[in-house]
Amino acid sequence: MHHHDLLIVGSANADLVVAVDRRPAAGETVLGSDLAVHTGGKGANQAVAAARLGARTALLARVGDDDHGRLLLTSLRAAGVDTAGVLVDEAPTGVALIVVDPGGDNSIVVSQGANARLTPDDIRAAGDLLASAPVVSVQLEIPLATVTEVARALAPGARLVLNPSPPAPLPDEVLAVCDPLIVNEHEARVLLGDSAGERPEDWAPALLALGPRSVVVTLGAAGALVAGPDGCERVPSPRVEPVDTTGAGDAFTAALAWRLGRGDDLPRAAAYAARVGSAAVTRKGAQESYPTAEELPGA
Ligand code: RIB
């Protein structure tokens, strides 16, 4: 019997957000809105998104002993996330500097802070937590060595979901246990390098050839491609008017990971996740934008 439906191992950031008419080019200064501080970080975002939907969720992460860290812990606990695995570090809480344009698109710079101090030893010390959930979800705002240790320390039968964001070359032993590897268009191009063609339909099989058991390519408003041993299919996304896309990918990944753990097959889990991701882009911020199951259109 698992204590949790989902374990997230990942980052927690304070998101410092400014709305701009146009995101600046190199060397350019633009004026923007008043600063807004939101709770974020790809790991914490996934944890809050899953918990809001009703998943029993735990987070393994590091935050600083500072106001941003306390803000994050408050947000996580309010959503119902088990924060026993959130360690408090001497380093400052991670910070993401985010500019959002009127179309809802963003540019993000992350100062990792305490996230960079989540070590392989932390994973080895968290054996009970790793054994507590059927699905473990990771991203790359923590050290790659830590992600690799998660892949090695998976409990028997546990499923690893990896969103390689920000993208980096992945060791074969990590790729081999991803089920699925979830990438957006940018991440797919980075992982495939020069061999990436122009058509997303070509990326899914090329990504599968890198070694993961299954692949999801998210395509924003165009939905997602899901691919595994049985072939590749497109899952549509509900039409919405985007306000802020920040953290929508994290909500998608969390929803998909949770539904896989509940027994959905990949296309069905991705269809549910697309509804969650679409709802998240209709509101500002990352964690604040995530729907409950009751708020999902068509629920
Ligand atoms: O995916 C969105 C997240 O990326 C933001 O919340 C920010 O913290 C960065 O980690």
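Refer to the structure printed above.
Just so it is clear, the model here is predicted, and its values are computed rather than measured. (Residues numbered from 1 in each chain as written. Predicted model: local features only at pLDDT ≥ 70, side-chain atom pairs only at ≥ 80, totals over all residues. Heavy atoms only, no water.)

A. Focus on the sheet that holds strand β6 (residues 94-100). In spatial order, the strands read β3-β2-β6-β7; together these four strands make up an open sheet with mixed pairing. The outermost strands of the open sheet, each flanked by one partner alone, are β3 (36-40) and β7 (106-111). In this sheet, adjacent strand axes meet at a mean angle of 25 degrees when their direction is disregarded. The pairing of β6 with β7 spans six bridges and is classified as antiparallel. Residue pairing in the sheet places Val 99 in a bridge with Ser 107 of β7. (Pairing = 2+ DSSP bridges. Helix = DSSP H or I, 4+ residues; strand = E, 2+ residues; numbered from the N terminus. Axes fitted to C-alpha atoms, helices over the stretch in contact; angles between N-to-C directions.)

B. View of the site of the ligand. Close to the ligand lie Asn 13, Asp 15, Gly 40, Gly 41, Lys 42, Asn 45, Ala 96, Ile 108, Glu 141, Gly 247, Asp 250 and Ala 286, which account for all nearby residues. One of the side-chain nitrogen or oxygen atoms of Asn 45 is found 3.0 Å away from an oxygen atom of the ligand. Listing elements by their share of the shell around the ligand, those giving two or more residues are β2 (13-19) and α1 (42-53). The class makeup of the residues in the shell around the ligand is three nonpolar, five polar and four charged. (Near = heavy atom within 4 Å. Polar contact = N/O pair within 3.5 Å; in protein donor to acceptor, adjacent residues only side chain to side chain. Nonpolar A, V, L, I, M, F, W, Y, C, P; charged D, E, K, R; others polar.)

C. The pairing of strand β5 (residues 86-89), seen in detail. Examined bridge by bridge, strand β4 (residues 57-64) and β5 share four bridges and lie parallel to one another. Bridge assignment links Val 63 to a residue of β5, and that residue is Val 88. Where the polypeptide runs from β4 across helix α2 (residues 67-79) and back to β5, its parallel neighbour, the crossover connection is right-handed. (Right-handed = clockwise from strand over helix to strand, strands pointing away.)

These figures come from the coordinates and say nothing about function on their own.
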